[in-house]
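# Notes for the structure review
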Amino acid sequence: VMRYGPIIFLPELSSVSHPDTLEMILRDVCRVNIATLEPDWAAEVIAPGQEPLDAAISDINAKVAGLNQSLEQKTHQRSDLRRITRLLYDGGTSLEVVVRDAFRDLGADVEDPVDGDNNEDGWLEFGEDEDTKLRGVLEVKSTAKPGIDNEGLRQLAEWKTRGIENRGKKYKGIMVASTMINEAPHERTNPFGDKFIESATLHEVAVITTTNLYKIYCLNKEGKLDVQAFWNDLFSTVGIFSIDNYIEPDKPSHK
């Protein structure tokens, strides 16, 4: 059985504020024993012994404000540090940005693509000597499927030709591939079939997965990577880049 109390209709009291009206209803109509709200003028009255407490409260509020600012800074720093983990699951242009940033952290000078469709995903250079400098053009591919097709290889062939014709230099084709992006990296299958590997080899392209690029990035941050050796290895790769030489047996570089 549901029971309801009486419904009381009150006229609008234009001369009484809403808080005062609520207080009046609770006290005079509903017979609720409540304390009278402190008026504005009473707030200016200083009670005996109040001043030391006011000072303590002010000091605590200042510390809280400082802690909140520090927390916000640390939260932003954490977010910036974790941005690289997008290599493991991101896709599209957002992934392209993270890939270029990862190569920059590995010491390369990376040029962002110009605006527009059907453009390369970035140009990079590594090294100081103009004669021995390593030059590459990027193609970043991501998919939720378990495998990757040859479209990116065909695009890289076009980018390499564009580098010769428009820049007067020869560029290494570098594909950064991410497959099964909706699955955890350890649950992903080998994304490269025999036909793809054969095509990548004939195109003389180096293909590295975003997962392996992330591992290389971690090794560098841990001070365990010979950066020059990595770049030499990547540019000498024809086909699929292997990370086996960089990982100690039974000792993964990161969790």
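Attention now moves to the sheet that holds strand E5 (residues 206-209). One open sheet holds the 6 strands; their spatial order is E1-E2-E3-E4-E5-E6, and the pairing between them is mixed. The outermost strands of the open sheet, each flanked by one partner alone, are strand E1 (109-111) and strand E6 (239-240). Pairing between strand E3 (residues 134-142) and strand E4 (residues 172-178): 7 bridges, direction parallel. Bridge pairing in E4 places Ser142 opposite Ser178. Contacts between helix H4 (residues 92-105) and the sheet are confined to E1, strand E2 (123-126), E3 and E4, with E3 contributing the most and set at about 150 degrees to the helix. Strand contacts of helix H5 (residues 151-167): E1, E2, E3 and E4, with the helix running at about 150 degrees to E3, the strand carrying the most contacts.

Quick look at the pairing of E5 now. Burial along E5 is two-sided: Ala206 and Ile208 and Val207 and Thr209, pointing in opposite directions, are all buried. Taken together, the 4 bridges between E4 and E5 define a ladder with parallel strand orientation. Each residue of the ladder has a partner; that of Ile174, found in E5, is Ala206. Crossover connection from E4 via helix H6 (residues 194-202) to parallel E5: handedness right-handed.

Reading the values: the criteria
Residues numbered from 1 in each chain as written. Predicted model: local features only at pLDDT ≥ 70, side-chain atom pairs only at ≥ 80, totals over all residues. Heavy atoms only, no water. Pairing = 2+ DSSP bridges. Helix = DSSP H or I, 4+ residues; strand = E, 2+ residues; numbered from the N terminus. Contact = heavy atoms within 4.5 Å. Axes fitted to C-alpha atoms, helices over the stretch in contact; angles between N-to-C directions. Buried < 20%, exposed > 50% of the residue type's maximum accessible area, 1.4 Å probe, protein only. Right-handed = clockwise from strand over helix to strand, strands pointing away.

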